[in-house]
Structure formats: structure tokens, C-alpha cells
Amino acid sequence: MPISDHVTAVLRGAVQDAVAEVRTRIADARARGGHGQEVTLVAVTKTHGPEAVEAAYAAGVTDVGENRVQEAEAKMAQVTVPVRWHLIGHLQRNKARNALQFSLIHGMDSERLAVALHDEATRAGQSLDVLVQVNVSGETSKSGVAPVDVPAFAERLHRLPALRVRGVMTMAPFDADERVLREVFAGARAVRTALQSAGHAAEWLSMGMSGDYEIAVEEGATHVRLGTVLFGSRT
Ligand SMILES: *Cc1c(COP(=O)(O)O)cnc(C)c1O
């Protein structure tokens, strides 16, 4: 067979094996955690080409994540498989219109961005699923709403009916020990409860990356965002 077909076959085999391994680990972590949630595997394809998306789809993955709008759009144009696209990175307000082609915006981290997203969705006559990104650890390098500010934010989101507030997204500190990871993930879960108390149908918790997804699932994650464990390191 031509060399390019051979490369594709090798990539598909590797991704298939990685997805199988990850699914087993997710199932085990879910059983240990006892939250009984469904877990969606979001394959993070940033820096990888469209063939990574197609390999993930061939392995049964239906959800892919990208952190930059431009890179995502380029890939969307090249990919033919019907995956759901998640925007997992920080979104600039002037790119709010581009958000409409994603099935879920994980990084809604300010009221100004929320208003911009609402305005674009309204203009397009559609609604938009969003997660409130929270900064549980308080690291200044991370975006996200502080947990104490969430109740007031949740009230103001009621004025933006084109947004459907589906839950919470968070990122744990890199290389933190297990105790800190659990605190951060449990903190995100508490924020989800605050959104629900404010009347939002917020059932999702997007948390967990390659280094910490098993702990995240034990703590109730409904969406894990995995790049490195599926596709190898990004160079
Ligand atoms: C890159 C990225 C991921 C995936 O990270 P891995 O450690 O490669 O699994 C998850 N979430 C966000 C927001 C990212 O930017």
C-alpha cells in the first residue's frame, strides 16, 4: 500500500489502543468515585492535523476539543467525519461569532464574554451551550471566575437567555499532588451546585486532562479533555 496509507493505519491503530486503555481507566475511576455520572471523552486534537480527528472518530470518539478558533476552523474545513467540536481554550470577545459553530464552549470566564456570546447567538437565532470556567486554585496565571463570584454571575446569566449554562469547567494546577487535585475538583463540583441553586440546568463538569483525569472522574467529571494520552506529546 502507499506509504501515506501505511502511516494512517499506524496512527489509527495507536489511537485505537490508547482510546481503549483510557476508556477502561475512566470506567474504573467512575466505579471508585461512586458519582454515577456519564463521562464524555473529549479528544484534544490541538497541534495535530485532521488525521488525528479522523483517527479518534474511527476509534469511536465523537467529541473533539480545540483551544484556538483559527486552528479549529482550519481542521473543520478538512475533516469529513461528523464529530462535535468543543472550544476548550480562552475565547476573545472579538471572536464570539466564531463560537457559534462549536457544540460547547468550555471557557466562558467573564460577563463581558457572556454578553458577546449571547448577542451573537441571538443575532443568529440560535442558542449556545456554555460552561462557566472557574479558577478554583486561585492561580493568577489561570483564567476563570472566582468561586465566590459565581452566585452573582449566575444571577446575571439569567438575563442572557440565548446561553444555556450547562455546567462548570476547571483546570487543576499542573503537577499538583493528589490532595490539591481533589480539592480543586471538589471545588468545581460545589460551583456546579451553586449554578443549580441559581436555577440553571447545569449538570456538566469538564475537568481532567492527561495527567489527572482519573482523579477528576473519581470526583465527578462528566467531560475529560485528553490530548497527550491519546496522540502523544505535542512538539
Ligand atoms: C491542551 C489542553 C488539554 C489537554 O491536555 P493534555 O494534558 O494533553 O491531555 C485539556 N484542556 C485544555 C484547556 C487544554 O488546553
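Residues numbered from 1 in each chain as written. Predicted model: local features only at pLDDT ≥ 70, side-chain atom pairs only at ≥ 80, totals over all residues. Heavy atoms only, no water.

## Points about the packing of helix 1 (residues 3-33) against helix 2 (residues 50-58)
1) Next: Viewed as axis vectors pointing N to C, helix 1 and helix 2 meet at an angle of 55°, and their least axial separation amounts to 9 Å. Taken as axis vectors, helix 1 and helix 2 run oblique relative to one another. Seen along the crossing, helix 1 lies across helix 2 with a hand that is right-handed. Counted together, L11, R12, V15 and Q16 of helix 1 and E51, A52, E54, A55, A56 and A58 of helix 2 form the full contact between these two elements.
2) Next: Taken together, the residues of the contact of helix 1 with helix 2 break down into six nonpolar, one polar and three charged. (Axes fitted to C-alpha atoms, helices over the stretch in contact; angles between N-to-C directions. Helix = DSSP H or I, 4+ residues; strand = E, 2+ residues; numbered from the N terminus. Parallel < 35°, antiparallel > 145°, perpendicular 65-115°, else oblique. Left-handed = near helix turned anticlockwise from the far one by under 90°. Contact = heavy atoms within 4.5 Å. Nonpolar A, V, L, I, M, F, W, Y, C, P; charged D, E, K, R; others polar.)

## Considering the pattern of salt bridges
1) Next: Counted by the stated rule, this structure contains 19 salt bridges.
2) Next: Measuring nitrogen to oxygen at the nearest pair gives 2.7 Å for the salt bridge that ties K142 to E139.
3) Next: Between E219 and R182 there is a salt bridge, with the nearest N and O atoms lying 2.9 Å from each other. Highlighted residues: E219 in the loop between helix 7 (213-218) and strand 8 (223-226) and R182 in helix 6 (residues 178-197), separated in sequence by 37 residues.
4) Next: Among the residues examined, E219 registers a relative accessible area of 11% and is labelled buried.
5) Next: Take R182: its relative accessible area is 24%, and that puts it in the partly exposed class.
6) Next: Taken together, the shared-partner salt bridges in this structure form one network comprising R32, E178, R182, R189, E218 and E219. (Salt bridge = Lys/Arg side-chain N within 4 Å of Asp/Glu carboxyl O. Buried < 20%, exposed > 50% of the residue type's maximum accessible area, 1.4 Å probe, protein only.)

## A look at the packing of aromatic side chains
1) Next: Counted by the stated rule, this structure contains zero aromatic pairs.
2) Next: R166 extends its terminal NZ or CZ atom over the ring of W204, reaching a point 4.1 Å from the ring centre. (Phe/Tyr/Trp six-rings, centres within 6.5 Å; stacked < 30°, edge-to-face > 60°. Lys NZ or Arg CZ within 6 Å of the ring centre and 35° of its normal.)

## Some details on the site of the ligand
1) Next: In the vicinity of the ligand, the residues found are V44, K46, I88, M169, M171, M209, S210, R225, L226, G227, T228 and R234.
2) Next: Here a nitrogen atom of the ligand sits 2.9 Å away from a polar atom, N or O, in the side chain of R225.
3) Next: T228 has a polar side-chain atom sitting 2.6 Å from an oxygen atom of the ligand.
4) Next: In the complex, 91% of the free accessible area of the ligand, which totals 390 Å², lies under the protein chains.
5) Next: Looking at the shell around the ligand residue by residue, the classes come out as six nonpolar, three polar and three charged. (Near = heavy atom within 4 Å. Polar contact = N/O pair within 3.5 Å; in protein donor to acceptor, adjacent residues only side chain to side chain. Areas by Shrake-Rupley, 256 points an atom, 1.4 Å probe, with all protein chains shown as cover.)

## What to know about the pairing of strand 6 (residues 163-170)
1) Next: Within strand 6, seven of the eight residues are buried, leaving the element largely enclosed by the surrounding structure.
2) Next: In this sheet, strand 6 lies alongside strand 5 (residues 128-134) in parallel orientation, the contact comprising seven bridges. Bridge assignment links Q133 to a residue of strand 6, and that residue is M169.
3) Next: For the crossover that starts at strand 5, traverses helix 5 (residues 150-157) and ends in the parallel strand 6, the hand is right-handed. (Pairing = 2+ DSSP bridges. Right-handed = clockwise from strand over helix to strand, strands pointing away.)

## So, the pairing of strand 3 (residues 84-87)
1) Next: Examined bridge by bridge, strand 2 (residues 63-66) and strand 3 share four bridges and lie parallel to one another. Residue pairing for strand 3: G65 is matched across the bridge by H86.
2) Next: The parallel pair strand 2 and strand 3 is bridged by helix 3 (residues 69-78), and the resulting crossover is right-handed.
3) Next: Where strand 3 meets strand 4 (residues 104-108), two bridges bridge the pair, whose relative direction is parallel. Paired with H86 across the strands is L104, a residue of strand 4.

## Focus on the environment of R25
1) Next: Inspection of the secondary structure assignment puts R25 in helix 1.
2) Next: Each C-alpha atom, one on R25 and one on E214, is 6.9 Å from the other, the two residues being 189 residues apart in sequence.
3) Next: In this structure, R25 is in contact with Y213 and E214, ignoring residues within four places of it in sequence.
4) Next: A polar contact of 2.5 Å, which involves the side chain of R25, links it to the side chain of E21.

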